[in-house]
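Chain by chain, the residues:
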Amino acid sequence: MNRSRVHRRPLLRPLPLAAAAVVAALLGTGIVAAPATASPTTQGGRTVTGPARSVDPFIGTSGDGNTWPGATAPFGMLQWSPTGTAGDQTSTPVANGYSYDVDRLRGFSLTHLNGAGCAPGAAGDVPIMPVTTPVTTSPSADSTDAVYAAGYSHDQESASPGRYSVRLDNGVRTDLAVTTRAGVGEFAFPAGQAANLLFRTSNSINGSEAATTRVDARTRTVSGSVLTGGFCSRRANGGGATNPDRRSYYRLFFTATFDRPFTSTGTWVDGTVRPGGTSSSGGEGYLTGADRAGRGSGAWVGFDARRGATVRAKIGISYVSAAGAAANRDGEIGRRSTVASVAAATRASWNRELSRIRVGGGTADRTTQLYTSVYHALMQPNTLNDRDGRYLGPDLRVHRIDPGHRAVYGTYSGWDQYRAQIQLLALLRPDVAGDMAQSMLRFAQQNGGVWDRWLHLGAPTHVMTGDPSAATLATWYAMGVRNFDVRAAYDSLRRQATVENADAESDIGCPGQCLAQRPALDEYLQRHYAANDDCSCWGGAAETLEDSISDSALGSWAASLGLRSDARMFAARGTYWKNTFDPAVGYQAARQADGSWTPGWSPSTQTGFAQGTSAQYTWLVPQDVHGLSTALGGDAAAVTRLDAFFHDAAGDWAVTGGDSTKFDPTNEPDIHTPWMYNALGQPWKTQETVRRVVDDAYGTGPDGLPGNDDLGTMSAWYVFASIGLYPQTPGRADMLIGSPTFSTVDIRRSSGQRIVIRSSSTEPYVQGARLDGRTLDRSWVPSSFVNRGGTLSLRVGATPDTAWASEVGGRPVDR
């Protein structure tokens, strides 16, 4: 589980000292980032311009955030970021490879995941490392990273959207910038020392099955590929040696060209070094420690640095072929491209994306947090297709993008994302969400009709629980996303929810990475709950709650499609959560196949649950808050219970995690709970509690995220908290009202709608509201506010208004 922590103050990294010269040079190119506002604050409601200036990529790189600071484009295929080392080449300090608290690096890798929750997670492919010593021993044999790694200081490190730079203790200045599928790196070697670049091709974060590297001195090219995968393959709860993800499910191709000739080349395989070599092959396997140490392959190239040398590399990647990597590189990086020019163009792309939310009237810190959160939320899913439209499917075959779509996107942290991140995607980029929906449909079709819970690229990883794809696509449809094969997607998800698939009874990978999707479906439909002792799932209570949400969402989608019978069926299944609610204790609990309750229950038990406890999962009923309130004894009793969930025995706030019976902001199962007061008639407590979580659990320093970002989910939660809205429940576009931390929020959806939220100040309590000029006495806005646009005006103050939206007519409606 994640830990609570003390937050540091802002850590905004400056650009390199040459930034002024770079800007001057760009003035003649037409590629210049939009200017910033005159002040780092946004007083008087003036909205921020050039919001990329407010992004701090170091937020979340310490503690459990598991973000990384490297260069990436919006939804980029290539993420060029450092991989750290704590003295074990077969592992990394955290899930993605980079920890702010570790000051030693062993390379700059080309692919990353944002905020994965297992260490190591996945990716981190092809670390490239500049060294200033002769290569006389095998880098793979350097199992403790004592020889070919280098230290660094954060004072010599900078990051901004699309660019990353650091000066290593060995004297090499590394400066990286990327496009969607390609990048430019400049490595400034000091004079009078060796100047070598290591391509550690086999050394992906989780290891590799195979790797090849080739050096062509005539064309100044290094190219190769790594066959890898192994998502979370060392997790004990994934079955250890029988973990179904300890396998290869993609090959990454790369090709790099240089602007300087090679003065030396060499290769290595395991412990053998071949000076002058030009080709190598060999993987590392997927184990760790002594079982993997010393294995692997790669190559190096050397340069003349007697007077110092700045070496420029242009690199492209592909999941399809070597030719695709070269075409991606040459199509996105021009002959005269530099780090500065590429970084400026990508920064402009980020400014366009970030400017879809324009805020004003907030503090500098809140502005940094808001735009960094949007940045994190738009890093993934990733572009998967090459420029020619080809992409790798989960069947390991090459496919071509569907006509009418602009991109294929991969990597979906479904269980995490469906609670906030996918709603933010749909709010800002419904066109991209449609391409993602179509991508997910095709991946399912290529996977035998099965929609997996958690995809790395297009491949199933089986991680977590429930059926989040159903909730995701139903939500996107509700929020106006239409540019995908709607009926084919609905029919496929309906089938997964009603017809048991071949692996549904499998216990492989359980718990944590259960192969079964809609596990033990036949038994579930018979019992109306997932039996903890007979479910092929992580936990029976969690599975029941998650499936109830997804079924409710499918019911809403079916109703929108005019499928009345389906709508009734799935709406009824959306109430199955009641079958794992134990009225004798007043909590959700695991239940056995014979109908009895699993022994040993307590509010803090994790038996029957997934990454959470009975106390935390009891609230996981956003689709039926009225029903949950009734089960808890009525609204007054439910409010009392909710109050205790956010406070300790002394009445003090408990919103930073660490107590298994209280609110946990570090993980997803209960992140919606601060907003549940709206449905219970006390929206002022939503406003108060959300603001407390914003202030206490989030920050502006490297430890500024409360837990794993989970592909932008925790960041998306912060965005919604900042703008004063939150999705009511999956499958709907209705939004619950909170209180914004800005006086002006202006959202420009890519589909043309404009959503404006104006607040009289940034005080926490709503004391009155108007929707499109009319008095609003409800603590929610309907789907039309999202799908047609509009203006929400809030009058706020420092004291709660306990009357506003407290009557039954002002509360959100479950169905």
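About the thresholds
- Position numbers for residues count from 1 along each chain, tracking the sequence in the order it is written.
- Only residues with pLDDT of at least 70 are given local features in this predicted model, and only at 80 or more are side-chain atom pairs given and counted; all residues enter the totals for whole chains, interfaces and linings.
- Side-chain figures throughout are based on the complete set of non-hydrogen atoms in the structure, without hydrogens or water.
- In what follows, a disulfide is any cysteine sulfur pair within 2.5 Å.
- Secondary structure is summarised from DSSP: a helix means a run of H or I of at least four residues, a strand means a run of E of at least two, and numbering begins at the N terminus for each.
- Buried residues are those whose accessible area, probed at 1.4 Å on protein chains only, stays under 20% of the maximum for their type, while exposed residues exceed 50% and partly exposed ones sit between those limits.
- Note on definitions: angles span 0 to 180 degrees between N-to-C directions of axes, and those axes are lines fitted to C-alpha atoms, for helices only across the stretch in contact.
- Roughly parallel here means an angle under 35 degrees, roughly antiparallel means over 145, roughly perpendicular means 65 to 115, and every remaining angle is called oblique.
- Note on convention: the crossing is left-handed when the near helix lies turned anticlockwise from the far helix by less than a right angle, right-handed when the turn is clockwise.
- What makes two residues a contact is simply this: any of their non-hydrogen atoms within 4.5 Å.
- Amino acid classes used here: Ala, Val, Leu, Ile, Met, Phe, Trp, Tyr, Cys and Pro are nonpolar; Asp, Glu, Lys and Arg are charged; the rest, including Gly, are polar.

What follows covers the state of the cysteines. Covalent bonding between the sulfur atoms of two cysteines defines a disulfide. One pass over the structure, following the stated rule, counts three disulfides. Across the disulfide, C118 is cross-linked to C232 (sulfur-sulfur distance 1.7 Å). Disulfide C118 to C232: torsion about the S-S bond roughly -70 degrees, handedness left-handed. In this pair, C118 sits in the loop between β3 (104-109) and β4 (128-131) while C232 sits in the loop between β11 (221-229) and β12 (248-258), placing the two residues 114 residues apart along the sequence. Across this residue pair, the class does not change: C118 and C232 are buried. C510 shares a disulfide with C514; S-S distance 2.1 Å. Looking down the S-S bond of the C510 and C514 bridge, the torsion is 135 degrees, so its handedness is right-handed. Given a relative accessible area of 22%, C510 falls into the partly exposed group. Under the relative-accessibility criterion, C514 is labelled buried at 1%. Numbered in order of appearance, the disulfide-bonded cysteines of the protein chain are paired 1-2, 3-4, 5-6.

This part takes up the packing of helix α8 (residues 468-478) against helix α9 (residues 486-498). When two helices pack together, their arrangement is given by the angle between the helix axes and by the axis-to-axis distance. α9 packs onto α8 with a crossing angle of 150 degrees between their chain directions and a minimal axis gap of 10 Å. When the axes of α8 and α9 are compared, the pair comes out roughly antiparallel. Of the two possible hands of crossing, α8 and α9 adopt the one that is left-handed. For the pair α8 and α9, the contacting residues are S469, A470, L473 and Y477 in the first and V486, A489 and L493 in the second. Here the residues of the contact of α8 with α9 are counted per class, giving six nonpolar, one polar and no charged.

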